[in-house]
Amino acid sequence: MSKTIATARMRRDGTPIEVLDDGTERPFATKSMRAMTEAEVEAAAAADPDARPMSAGEMKDARRVPRTSPLGTSHDWEQGRTQPISRSLRTIQKAFARR
């Protein structure tokens, strides 16, 4: 496994952008990192122990986790729809309550 970490974000127009360590941005390369045939892709996926496909039973039993954003969570706290779950989150809620 490679130890290279890339930080990315999506622009409003849908363009993926790489965020560099100094905070500057650059577009990702438009060509593939490495050309692979379908067979090579399948073989690489099958060889990766962390990428094994889930069985039908595992898929059925998997817990769905909703995508949330911190902004949405903060907004829900302000509106009283949800409560924070830890002491540090309660501190954040108190800060919003003072506004």
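On a predicted model such as this, the values are computed, not experimentally measured, just so you know. (Residues numbered from 1 in each chain as written. Predicted model: local features only at pLDDT ≥ 70, side-chain atom pairs only at ≥ 80, totals over all residues. Heavy atoms only, no water.)

**Student:** How should the pattern of salt bridges be read in this particular structure?
**Tutor:** Note that side chains of opposite charge can pair when their charged atoms are close. Tallying each qualifying case throughout the model produces three salt bridges. Across the salt bridge formed by Glu25 and Arg9, the nearest N and O atoms sit 2.8 Å from each other. On the criterion of sequence distance, the pair formed by Glu25 in strand β3 (residues 25–27) and Arg9 in strand β1 (residues 7–10) is long-range, its members being 16 residues apart. Arg9 gets classed as partly exposed once you look at its relative accessible area, which sits at 38%. The closest approach of N and O atoms between Arg11 and Glu25, which form a salt bridge, is 3.8 Å. Separated by 14 residues along the polypeptide, Arg11 in the loop between β1 and β2 (16–19) and Glu25 in strand β3 bring together distant segments of the chain. Connected via shared salt-bridge partners are Arg9, Arg11 and Glu25. (Salt bridge = Lys/Arg side-chain N within 4 Å of Asp/Glu carboxyl O. Helix = DSSP H or I, 4+ residues; strand = E, 2+ residues; numbered from the N terminus. Buried < 20%, exposed > 50% of the residue type's maximum accessible area, 1.4 Å probe, protein only.)

**Student:** Sorry if this is basic, but what is going on with the sheet that holds β1 here?
**Tutor:** One open sheet holds the three strands; their spatial order is β1-β2-β3, and the pairing between them is antiparallel. Strand pairing shows two members of the sheet lacking a second neighbour, β1 and β3, which therefore form its edges. Strand-to-strand, the axes of this sheet are offset by a mean angle of 35 degrees, without reference to chain direction. As paired elements, β1 and β2 share four bridges and run antiparallel to each other. Residue pairing for β2: Thr7 is matched across the bridge by Val19. (Pairing = 2+ DSSP bridges. Axes fitted to C-alpha atoms, helices over the stretch in contact; angles between N-to-C directions.)

**Student:** When you look at the confidence of the model for the chain in this model, what are you seeing that I'm missing?
**Tutor:** When pLDDT drops low, the exact placement of atoms in the prediction is not to be read closely. Mean pLDDT over the chain works out to 77, with 77% of the residues at or above the 70 mark. Averaged pLDDT values for the elements of the chain fall to 68 in helix α3 (residues 70–79) and rise to 90 in helix α2 (residues 56–61). (pLDDT = per-residue confidence, 0-100.)

**Student:** I tried to follow the side chain of Glu18 on my own but got confused; where do I start?
**Tutor:** Summarising the element assignment, Glu18 is placed in strand β2. A relative accessible area of 15% places Glu18 in the buried class. Those residues in contact with Glu18 that sit more than four places away from it in its chain are Ala6, Thr7, Ala8, Thr24, Glu25, Arg26 and Phe28. (Contact = heavy atoms within 4.5 Å.)

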